[in-house]
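Residues per chain, in single letters:
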Amino acid sequence: MSKKNDSAAMDVQEGPEKKKIESKYNPSLLRECIFAGMTASEIMAKMGVSHRQTLKQYVLKLMSDDRTFYEVKGLYLKNSRRPKVNNKLELKLYMKSLDLQGLVINEGDEFSVSVENEMIILTKV
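Residues numbered from 1 in each chain as written. Predicted model: local features only at pLDDT ≥ 70, side-chain atom pairs only at ≥ 80, totals over all residues. Heavy atoms only, no water.

### Quick notes on the overall build of the chain
- Counting its regular elements, the chain contains four helices and two strands.
- For the chain, the α and β elements follow one another from N to C terminus as α-α-α-α-β-β.
- The 125 residues of the chain split such that 18% are buried.
- Taking all contacts inside the chain whose residues are at least 6 apart in sequence as the whole, residues at least 24 apart take part in 31%.
- Just so you have it, the chain exposes about 11000 Å², and 52% of that area is on carbon and sulfur atoms. (Helix = DSSP H or I, 4+ residues; strand = E, 2+ residues; numbered from the N terminus. Buried < 20%, exposed > 50% of the residue type's maximum accessible area, 1.4 Å probe, protein only. Contact = heavy atoms within 4.5 Å. Areas by Shrake-Rupley, 256 points an atom, 1.4 Å probe, with all protein chains shown as cover.)

Spelled out as structure tokens, the structure:
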């Protein structure tokens, strides 16, 4: 027990004042964005949230407070914004998990591939 008390006392004495991180949770702004039909990416930009998990927590808190279910498009997509090249030099993209912003893709659709400024660009033909 004395070790806990001693280490706690040392933490207070040694370190400078810790910064208090303030939450960017704004229930009225979040509710307004959800009712406007904004996507998760748009809401994150508007609220200044940098991590999707943080937005998930905010939406869950709002649902708990309002006792209402809210659906935010793109909130629960898998993070495939950084697909990796495998050992066969293949790059696999799973279209279901990408935010295609309304682009309709069906089986058999073809794409042209171009490279510009170290970017691979797929254009639907």
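### Remarks on the pattern of salt bridges
- Within this structure, the stated rule accounts for three salt bridges.
- A salt bridge links Asp66 to Arg31, with the nearest nitrogen and oxygen atoms 2.9 Å apart. Linking Asp66 in helix H4 (residues 52-66) with Arg31 in helix H2 (residues 27-35), this pair joins segments that are 35 residues apart in sequence.
- Among the residues examined, Arg31 registers a relative accessible area of 25% and is labelled partly exposed.
- Close ionic contact of Glu32 with Lys46 constitutes a salt bridge, the shortest N to O distance being 3.8 Å. Residue Glu32 is found in helix H2, and its partner Lys46 is found in helix H3 (residues 40-47); the two are separated by 14 residues along the sequence.
- What makes Glu32 partly exposed here is its relative accessible area of 47%. (Salt bridge = Lys/Arg side-chain N within 4 Å of Asp/Glu carboxyl O.)

### What to know about a nonpolar patch on the surface
- The grouping of Val85, Leu89, Leu91, Leu93, Val113, Val115, Ile120 and Leu122 at the surface amounts to a nonpolar patch, some 800 Å² of accessible area in total.
- Where the nonpolar patch is concerned, the elements lending two or more residues are strand S1 (111-116) and strand S2 (119-124).
- When you line up the elements, Val113 lands in strand S1.
- Given a relative accessible area of 58%, Val113 falls into the exposed group. (Patch = residues over 30% accessible without salt bridge, like charges linked within 9 Å, V, L, I, M, F, W, Y side chains within 5 Å.)

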